[in-house]
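Architecture and fold: a report
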Amino acid sequence: MLFRSSAVETNASDVKVGLASARLSYSLDPRNRSADIALGDMPFNLSPGQLRLWVKGDGSTNTLQLTLRHAEMEVEGKSRRPVRASSMNLPGVALDFTGWREVTLDATAIPEGRSAALERITISGKQGKAGEGMATQGVIWLDDLRLFPNANAPSIVVLAGVFGPLVRDFDPDIALFLDAQNRVIECEELFRGTLTQTSVYPREVDKAPLARISPRGRIRLGYLSGDFHDHPMAYMFAPLFETHDRGRFETFAFSYGPDDRGPMRSRLRAAFDHFCDLRGKSDRDAAEEIRGRGIDLLVDLAGYTAGNRAAILAHRPAPLQIGFHGFGMGVPFMDYLVSDRQTVPEELQAHFRERIVRLPGCWIATDTSEAVPETTPSRASQGLPESGFVFCSFNAIHKITPTVFDTWMRLLGQVQESVLWVRNDGDIAAANLRREAERRGIDGARLIFAGRVPLGEHLARHRLADLFIDTFPYGAHTTASHALWAGLPVLTMRGDSFVSRVSASIVLAMGFPELVTESPEAYAAAALRLAQNPDELSDLRMRIGRARNTAALFDADRHRRHVEAAYATMYQRWQDGLPTVNFDVTDDATTPRR
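Our subject in this report is the structure included herewith. Here, residues in each chain are numbered from 1, in the same order as that chain's written sequence. Totals for whole chains, interfaces and linings use all residues, but because this is a predicted model, local features are given only for residues with pLDDT of at least 70 and pairs of side-chain atoms are given and counted only at 80 or more. Excluded from the side-chain calculation are hydrogens and water; included are all heavy atoms of the structure.

1. Observations regarding unusual backbone geometry
Threshold: Labels follow the DSSP assignment, with helices taken as runs of H or I lasting at least four residues and strands as runs of E lasting at least two, numbered in each case from the N terminus. Buried, partly exposed and exposed residues are distinguished by accessible area as a fraction of the type maximum, computed with a 1.4 Å probe on protein chains only: under 20%, between the cut-offs, and over 50%, respectively.
Cis geometry marks the peptide bond from F472 to P473, where omega comes out at 10 degrees. When you line up the elements, P473 lands in the loop between β25 (467-469) and α8 (478-485). Phi at R261 is positive, roughly 55 degrees, even though this residue is not glycine. Mapping R261 onto the fold places it in the loop between β16 (249-255) and α2 (263-271). Overall, R261 belongs to the exposed group, its relative accessible area being 73%. Although it is not a glycine, R316 adopts a positive phi angle of roughly 55 degrees.

2. Notes on the environment of V299
For the record, the criterion: In what follows, a contact means two residues having at least one pair of non-hydrogen atoms within 4.5 Å.
With respect to the secondary-structure elements, V299 resides in strand β18 (residues 297-300). Linking V299 and F324, residues 25 residues apart in sequence, is a C-alpha distance of 6.5 Å. In contact with V299, other than residues within four places in its own chain, are L221, G222, Y223, L224, I322, F324 and Y567.

3. Brief notes about the pairing of strand β20 (residues 336-340)
Quick reminder of the rule: Strands qualify as paired when DSSP identifies two bridges or more between them.
For β20, a buried count of 5 out of 5 residues is recorded, marking the element as mostly surrounded by other parts of the structure. Of the two faces of β20, the one carrying Y336, V338 and D340 and the one carrying L337 and S339 are both buried. Of the strand pairs in this sheet, strand β19 (residues 320-323) and β20 are connected by 2 bridges, and their pairing is parallel. Counterpart to G323 in the pairing with β20 is L337. One ladder, built from 5 bridges, connects β20 with strand β21 (residues 355-359); its direction is parallel. If you follow V338 over to β21, its bridge partner there is V357.

4. A closer look at the environment of E438
To keep it simple, the criterion reads: By the criterion applied in these results, polar contacts are pairs of N or O atoms within 3.5 Å in which, for protein atoms, one can donate a hydrogen and the other can accept it, and in which residues neighboring in sequence qualify only through two side-chain atoms.
With respect to the helices and strands, E438 occurs in helix α6 (residues 427-439). Overall, E438 belongs to the partly exposed group, its relative accessible area being 46%. Linking E438 and M409, residues 29 residues apart in sequence, is a C-alpha distance of 9.5 Å. Non-local contacts of E438, meaning those with residues more than four positions away in its chain, are made with D443 and G444. Within the local environment of E438, its side chain forms a polar contact with the backbone nitrogen of G444, the two atoms lying 2.8 Å apart.

5. What to know about the pattern of salt bridges
When the charged atoms of two side chains lie near each other, side chains of opposite charge can form a pair. Note the following rule: The term salt bridge refers to a pairing of a side-chain nitrogen on Lys or Arg with a carboxyl oxygen on Asp or Glu at a separation within 4 Å.
According to the stated counting rule, one finds 28 salt bridges in the structure shown. Salt-bridge contacts for R265 lead to D259; the nearest nitrogen and oxygen are separated by 3.4 Å. Salt bridges here are not isolated pairs; linked through shared partners, they connect R218, R220, R246, E250 and D273.

6. A word on the sheet that holds β18
Here 8 strands make up an open sheet; going across it, the order is β17-β16-β15-β18-β19-β20-β21-β28 and the pairing parallel. With one partner strand each, in any of the chains shown, β17 (274-277) and β28 (583-584) form the two edges of the open sheet.

7. Considerations on the side chain of H244
Mapped onto the elements, H244 comes out in the loop between α1 (232-243) and β16. On the basis of relative accessibility, which here comes to 3%, the residue H244 falls in the buried class. Within the local environment of H244, its side chain forms a polar contact with the side chain of Y223, the two groups lying 2.8 Å apart.

8. A look at the packing of α8 against helix α9 (residues 502-510)
Our working definition: Axis lines are fitted to C-alpha atoms, over the contacting stretch for helices. Their N-to-C directions set the angle, which ranges from 0 to 180 degrees. Reported orientations rely on four angle classes, namely roughly parallel under 35 degrees, roughly antiparallel over 145, roughly perpendicular from 65 to 115, and oblique for the rest. Left-handed describes a crossing in which the near helix is turned anticlockwise from the far one by less than a right angle; the clockwise case is right-handed. Gly is put with the polar residues, along with every residue not named as nonpolar or charged; the nonpolar set is Ala, Val, Leu, Ile, Met, Phe, Trp, Tyr, Cys and Pro, and the charged set is Asp, Glu, Lys and Arg.
At their nearest, the axes of α8 and α9 sit 9 Å apart, and the two run at 25 degrees to each other. Judged on the interaxial angle alone, α9 and α8 are roughly parallel. The way α8 lies across α9 gives a crossing that is right-handed. Residues A480, S481 and L484 of α8 lie in contact with α9, whose contacting residues are I506, V507 and M510. Of the residues belonging to the contact of α8 with α9, the class tally is 5 nonpolar, 1 polar and no charged.

9. Overview of the packing of aromatic side chains
How we decide: Planes of paired rings set the category: under 30 degrees apart is stacked, over 60 is edge-to-face and the rest tilted, where pairs are Phe, Tyr or Trp rings (Trp by its six-membered ring) whose centres lie within 6.5 Å.
Considering all chains together, one arrives at 20 aromatic pairs under this definition. Seen from their ring centres, W485 and F554 are 4.9 Å apart, and the 65 degrees between their planes marks the pair as edge-to-face. Taken together, the residues span a long stretch of sequence, with W485 in helix α8 and F554 in the loop between α11 (534-547) and α12 (556-575) at a distance of 69 residues. With relative accessibility at 8%, the residue F554 sits in the buried group. Each member of the aromatic cluster is reached from another via a ring pair, and the members are Y223, F228, F237, F241, F272, F275, F324, F352, W363 and F498.

10. Some points on the nonpolar core
Stated formally: We call a set of buried residues a nonpolar core when its members are Ala, Val, Leu, Ile, Met, Phe, Trp, Tyr or Cys and they connect through side-chain atoms within 4.5 Å of each other.
F391, Y567 and M570 are the most contacted members of the largest nonpolar core, which has 116 residues in total. What Y567 contacts, discounting residues up to four positions off in sequence, is L221, Y223, H244, F249, L297, V299, I322 and F324.

11. Side note on helix α3 (residues 283-292)
Basically, it comes down to this: Directions are taken from the helix axis to each C-beta atom, and the arc is the one they span.
Residues of α3 that are buried: A286, A287, E289 and I290. What you see down the axis of α3 is that its buried residues fit within an arc of 160 degrees, all on one side. Of the surrounding secondary structure, the elements contacted by the buried residues of α3 are β15 (219-225), β16, β17, β18 and α4 (310-314). After α3 finishes, the residue G294 shows a positive phi value of roughly 70 degrees.

What follows is the structure, given as structure tokens:
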């Protein structure tokens, strides 16, 4: 097993693209003096002279040492490759603390402009009896990595995206450890500093392919989720559920989440031909119910997000299983992933196990049935000052990394009397962020926290903000769509992973390429320029307001046609006995209504 013994023999350089962090857990024999974790070459972004990581210490006398491999980069056409590589040990760090701590390692000896890769981690300590010297277990969090797969190496799939180190009170994160054939070896769950063993799903239980079914009229289309209630996923997909061509598709909702008895739950129940509650059923029984319904295409809307039941999918309840949640799962029982050309360009397709189906617009749909109320709340009612520029970012707090927070604080320092309006994810997070602002020379009172309100009120309060500034590398998804629907400009930075490209796809589908930047420097410069040029910002807002009526992003029927064309192609290839393939849906693709 990876990272679970004192003699780690497995190379783990293959970390799935689409995520920008990695967690390495280890369990060591206290009788050993040291243990090496060989990583092959794990590429990452190296801040000038520093490497940041989070480590959980246990008060032992252990020392953590990292070996970096760095190289000059040689450019050939559009590609870059490392040449003249060499290794260097960074100064060791004592693990004589308890709990989580951010550790900064000095890497100033690496010449500027070189690529860097993490080659080896060494944990060393004195020999002793059990419980002395070596830690019995520990976790190392590597942030802001840029990791690329190697088909011949084992894999780590980090499921929860980016952990915002500024927030000490964080939700559970899960990391799956896979072997070279993408079979699950083990899973780790990190919950409030406690590392425990858990199980996410079995290795593919039902490997025999399901027999093709003779065409019988409508395609039986199922959606699997635990979020059929007041949840961003529901708002994103409700228009698609409601407008599916019932002459061509018979739709099923398979719900394993709570019934909040709210208006969205009622709306979704009415949107499907069949609404099936799987609560109380085991994974196998739930899979059997889905199989018993004769589902042709089963679309998963959860992936590895909180509360998922990926184990149901491992039982292969449908012949075609499709991810429509924004990231690949890297498992053999998922056949397709629905995306778009901006989020997964051709050069990134090879990094996904699933076959990629790219829609011509953005893969995310936006619910335009929710009108933006005409009444705008007062600044005072939202805790905002009566004057001054309002930067806002209503993304989940865990998406805020030290790098993006540094950028935001510099903006507040450059734009006098400006404030940063962010989502309120609890008192602990708010206190941490205000403390971090003070550490950067910014009055913590300039951070304003927005509480949870109904969607209509939330859309209306966007008018009080001047500019939505996105997080990176994990950017906005539905949050960006809501901001644009409310008429608020969204400034984003496009990265090289799935979660860092979705917001760019949303903004481009709205028709505003000038709001998509390619580097932190360009992002900061654009935000400052817009804050200091009210006429330019006002013109931008007017154009966004006009584009709401014509933009592809808000054309629900166009999105529906393209999604149904994708489903029809998948289904027809399966009926014809053809293998799954990557394919693009053309802009004029349609499925005729019956």
